[in-house]
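Chain by chain, the residues:
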Amino acid sequence: MDNVIRRRTPGARMLRAGLYALLMVMALVYLLPLVVMLLTSLKPLEEIRAGGLLSLPDSLTFAAWLKAWGSACTGTRCEGLSGYFMNSVSIVVPAVAISTLMGALNGYALTKWRFRGANLCFALLLFGCFIPFQVVLMPMAQTLGWLGLASSTSGLVLVHVVYGIAFTTLFFRNYYVSIPDEMIAAAKLDGAGFFRIFWRILLPISGPIITVSVIWQFTQIWNDFLFGVAFAGFGSQPVTVALNNLVNTSTGVKEYNVDMAGALIAALPTLVVYVVAGKYFVRGLTAGSVKG
Amino acid sequence: MSQTDSPLPRSRAKAARHSLSGSLERMLPRLVIAPSLAVALFFVYGYMLWTFVLSLTDSGMLPQYDFIGFAQYARLFANERWNVAATNLVVFGGLFIILCLFLGLMLAILLDQRIRQEGALRTIYLYPMALSLIVTGVVWRWILNPGLGVESLVRSWGFEDFTFDWLVNPDMAIYALVMAAVWQASGFVMALFLAGLRSIDDNLFKAAALDGASLPKVYWRIVIPCLRPVVFSAVMILAHIAIKSFDLVMALTGGGPGYATDLPATFMYTYTFTRGEIGLGSASAIMMLCGVLAILVPYLYSELRGNKHG
Amino acid sequence: MSALNILHVDKTFGNTQVLKDISLAIESGEFLILVGPSGCGKSTLMNAIAGLEPVTSGDIQIGGEDVTWRTPAERDIAMVFQSYALYPSMNVRQNIAFGLEMRKMPKAQREEAVARVADLLQITPLLDRKPSQLSGGQRQRVAMGRALAREPQIYLFDEPLSNLDAKLRVEMRTEIKKLHQRLGTTIVYVTHDQIEAMTLADRIAVMRDGEILQLGTPDEVYNDPVDMFVAGFMGSPSMNFIPVTLVSRDDGYVLRVLDEQDPTGAPLELPWPPAREAQALHEWVGERLILGVRPEHFVEDETRMETSFDGTRLDVMATVVEPTGADILLQATLSGTEVTMRLGPKSQVAAGERVALRVDMSRAVLFETTNQRRVA
């Protein structure tokens, strides 16, 4: 938008007011599900049954949150989401760390040490961003079985690393491409080798792209459902799978407040990351998809 | 003009030409890439081939390798449920893409008018993208449930006859999916368009203002045509999301009522893992891959061609 | 012994040969400048010397040792880059010390070296700053400091001044010259700026299309160019090229200036100084040649005297007059050819006026038209 002088008629002023009103209404629409989720999770069940999707709770209660965390039934087990939340954490942390490190090294080798076939390598890797994962489900299930990793947390870490490398490599490649080759040449002349240049010269200036990559991988893996439901065992299910089980458990009365509290618990980590580092989140989204 | 001063023999054994550390260093980049490349070759390309091979077999509960040609594909196309899933994908994908583009472009243009609190609004429009689709499904399932959700809310406002039963109505359930998916992804499309708008040269607006064009005209005639590449990538990404949609269906409708909201992704999962028809499931996975390739290949083609021109 | 010896170096990228059988020897303490238009291969040659790009064939020797297949680190050279290539995450001190650290120099010695170089380049107050906090000129100094600290056998400068503004460029040029005189370092310097080449170099190598056209002192390259390209490339404004025909007369050779527009009119004739009569000239009698005259070799004929030996009187119409302060550039048409002349600042010529000039034929050069090689 520009700063050009335009006539300030009453009509233009009305238009401006309308613009703000429209944006506010849209904001409310986008916020509505989150608000509903929060309100419902803080109400006792009787109040929910009485209707009033948007009414504030008469008696505020955190019972649903406690139950969702500690004792709600997900399928046959009634231990809440806490264990699964921890499963997700123990999948996400190593998977994010490994895939980001590999992506950084790949991007570095592909851009700063252009060897014959580097572009082909990149093209081959990049395709991993696009495949529908349904194509790999069955072979992966068999491979994990042979490796003895079926139903294990390590198996899921492996899967997420394997299919995350494509994205992390893309991020780092595009970032390192914009760093002048002369800097690498200078370091070579100074006597630094492959890894030394990476550690001393490139990594210290890779902060932004590491953040982008970590956030992207964190959200992707935390929010994953397909691999979790296909490859996890009872002991290693991530929180998304457990949430789906919790909501679909049909024994007893339907406790919507517990469902909503559970959904919020599952959503909280990624939401917090988004609010804290939204800029990098958006950069990851656009970089990961536009140039992909 | 003496340009040389010592005539040295110009040929020598190749081994002597490379210092030891030099040749190690020349190998290192390849060594670093090798694991990732091996992983891609096996876990991406190998698996694609593997799944394709499975789709040519009579595999049931367990994979086995009795080849029956393309019989599974014939079965797939004759399968009523697959046809529903494929049709659903067209309806869901089409509406999802169009609505996301419309909402995204509208929000982006509105936000581009020097809005106060633009950052906060942008954050609000985009936050659903950070959520798991399972969470989205769970929330919308609650909001749309006929007993206590929006329907009862509107009725409580005095509109006693208001019905909003999309989730349980087989004809309408697919639109419930569209609604939740648009809510989740339109903010992202807005971010894409906004980035596109911000990259347009400011002087374009100034030149158009000097030419006497009104603001809506400037957008319609000058700005939106400039955004064509963004539209192109947005469509590509959204189509990709639509084909892969699995989580949302599982959480929001479970494919129901009946199999009214089945999509290829859920079809594949159901047949492969719960109905013990690995052969048929693999065939459906290969069809999904073909779908992705059908949008990817033209996209990459135009990207690469565009790069050559640039 | 040569500090750097390049022997028959070839380099091909795919099907294009960017370096064609380059041979070059640089003496210790010499300041050699590679100059040429972009794409002439000068940067590729520089990278080949540095080991940043392998050569296709040929050898490179530094200090008598064959380094053709050594890594950049093993060659004992330092380079100053066009973009300075400072490490953004390190402060100035760390930038300068990095190469020493990589070479496992003890910390105390490193600090000594940094202090010495910082003092030399007057950047001591900047030592704790990050590159992003420095101005362009300061970054340039740091980049030089990084090279100097290493005390390598050879320094490579890759268009080091091209990112500076005009005033700073001249200052740094002088500074580099002073440093070279003081330290006696061996320098290979790439530039496309022929003024830089003229002012800095001990010898200049003019390159085009992967070949060295001429290698010589600035004076040789400027006043004794081997062909039209070198003649036209060195000097600003460029040398004037005037099509002529060589005519033999009893009293010597005469150059008849061709006038494309007015073939019937009386042609202008410039006598070739008998003192310069070359043996080779007679075989070009009757042929079309190109006369090369530098702008400063036109002199305003205020005396209005008759044609003298070292010059020929011309009457031309001034079309554009450009005073630069120090002198005046004058555009005029000489028998249909646009020529540029450099006149003294006191000249009173105005556009549209006729002006009488002499050409200093003793400094003029002649080229043949097919290969544009020098004839005389």
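Residues numbered from 1 in each chain as written. Chains lettered and ligands numbered in written order. Predicted model: local features only at pLDDT ≥ 70, side-chain atom pairs only at ≥ 80, totals over all residues.

Caption draft 1: Representation of the overall build of chain C within the structure. When you go through chain C residue by residue, the secondary structure sums to eight helices and 20 strands. Taken across its 376 residues, chain C has 41% of its residues classed as buried. Sequence-distant contacts, at least 24 apart, represent 65% of the contacts inside chain C between residues at least 6 apart. (Helix = DSSP H or I, 4+ residues; strand = E, 2+ residues; numbered from the N terminus. Buried ≥ 20, exposed ≤ 12 C-beta atoms within 10 Å, placed from the backbone. Contact = placed C-beta atoms within 7 Å.)

Caption draft 2: Structural view of the overall build of chain A. Each helix and strand in chain A was counted, giving 14 helices and zero strands. Order of helices (α) and strands (β) in chain A, N terminus to C terminus: α-α-α-α-α-α-α-α-α-α-α-α-α-α. Relative to the 2.2 N^0.38 estimate, which gives 19 Å for 292 residues, the radius of gyration of chain A is 24 Å and therefore markedly larger than a compact globule would have. Dimensions of chain A, computed from C-alpha atoms along their principal axes, come out at roughly 75 × 70 × 35 Å. Across the 292 residues of chain A, 52% fall into the buried class. Sequence-distant contacts, at least 24 apart, represent 75% of the contacts inside chain A between residues at least 6 apart. (Rg over C-alpha atoms; globule rule 2.2 N^0.38 Å.)

Caption draft 3: Expanded view of the domain arrangement of chain C. All names here are of chain C. Structurally, chain C comprises domain 1 (2-233) and domain 2 (240-368). Taking the mean C-alpha position of each, domain 1 and domain 2 sit 40 Å from one another. Residue-level contacts link four residues of domain 1 with five residues of domain 2. Taken together, the residues of the side of domain 1 that touches domain 2 sort by class into three nonpolar, no polar and one charged. (Domains from an automatic or database assignment. Nonpolar A, V, L, I, M, F, W, Y, C, P; charged D, E, K, R; others polar.)

Caption draft 4: Structural view of the domain arrangement of chain A. Residue and element names in this part refer to chain A. Partitioning chain A into domains gives domain 1 (10-61) and domain 2 (82-290). Computed from C-alpha atoms alone, the centre-to-centre distance between domain 1 and domain 2 is 34 Å. Taken together, the contact pairs seven residues of domain 1 with seven residues of domain 2. Contributing elements (two or more residues each) for the side of domain 1 that touches domain 2: helix 1 (10-41) and helix 2 (45-49). Take the side of domain 1 that touches domain 2: its biggest share by element is four residues, from helix 1.

Caption draft 5: Summary view of the interface of chain B and chain A. Taken residue by residue, the interface counts 80 residues in chain B and 73 residues in chain A. Here the side of chain B that touches chain A takes 17 residues from helix 2 (residues 20-55) of chain B, the largest share from any one element. Residue classes in the side of chain B that touches chain A are distributed as 59 nonpolar, 13 polar and eight charged.

Caption draft 6: Spatial organisation of the sheet that holds strand 7 (residues 154-158) of chain C. All names here are of chain C. Sheet architecture is open: six strands sit in the order 6-7-8-3-9-10, paired in mixed fashion. Edge positions in the open sheet fall to strand 6 (77-80) and strand 10 (211-216), since each of these has one partner strand only. With strand direction ignored, the average angle separating the axes of adjacent strands in the sheet is 20°. Relative to strand 8 (residues 186-191), strand 3 (residues 31-35) runs parallel, the two sharing five bridges. (Pairing = 2+ DSSP bridges. Axes fitted to C-alpha atoms, helices over the stretch in contact; angles between N-to-C directions.)

Caption draft 7: Representation of the nonpolar core in the model. Core analysis: the largest hydrophobic core is formed by 293 residues, its most contacted members being L177(B) and V188(C). With 18 residues, the single largest contributor to this core is helix 8 (residues 173-198) of chain B. Every residue in contact with V188(C), bar those within four places of it in the chain, is listed here: L4(C), I26(C), L32(C), L34(C), M46(C), I49(C), I154(C) and L156(C). (Core = buried A, V, L, I, M, F, W, Y, C linked by C-beta atoms within 7 Å.)

Caption draft 8: Broad picture of the pairing of strand 7 of chain C. All names here are of chain C. Of all five residues in strand 7, five are buried; the element is thus mostly enclosed. The two faces of strand 7 match: I154, L156 and D158 on one face and Y155 and F157 on the other face are all buried. Pairing analysis gives four bridges linking strand 6 to strand 7, with the strands arranged parallel. Note on strand 7: the bridge partner recorded for M79 is L156. When strand 7 meets strand 8, the two strands line up parallel, connected through five bridges. From the neighbouring strand, L156 faces strand 8, where its bridge partner is V188. The parallel pair strand 7 and strand 8 is bridged by helix 5 (residues 166-183), and the resulting crossover is right-handed. (Right-handed = clockwise from strand over helix to strand, strands pointing away.)

Caption draft 9: View of the confidence of the model for chain C. Residues and elements named next belong to chain C. Confidence along chain C averages 87 in pLDDT terms, with 94% of residues attaining 70 or more. Confidence drops under pLDDT 50 across residues 306-311; counting only partners more than four residues distant or on other chains, this segment forms 12 contacts. Scoring of the predicted complex yields 0.84 for pTM and 0.87 for ipTM. (pLDDT = per-residue confidence, 0-100.)

Caption draft 10: Spatial organisation of the confidence of the model for chain A. Mean pLDDT over chain A stands at 86; residues scoring 70 or higher make up 94%. Element-level mean pLDDT values for chain A span from 69 in helix 14 (residues 278-290) of chain A up to 93 in helix 4 (residues 82-112) of chain A.

Caption draft 11: Representation of the sheet that holds strand 12 (residues 252-257) of chain C. Residues and elements named next belong to chain C. Taken together, five strands build an open sheet; the order of strands is 13-12-11-14-20 and the sheet is antiparallel. Of all strands in the sheet, those bounded by a partner on one side alone are strand 13 (268-271) and strand 20 (365-368). Neighbour-to-neighbour, the strand axes of this sheet turn through a mean angle of 40°, independent of strand direction.

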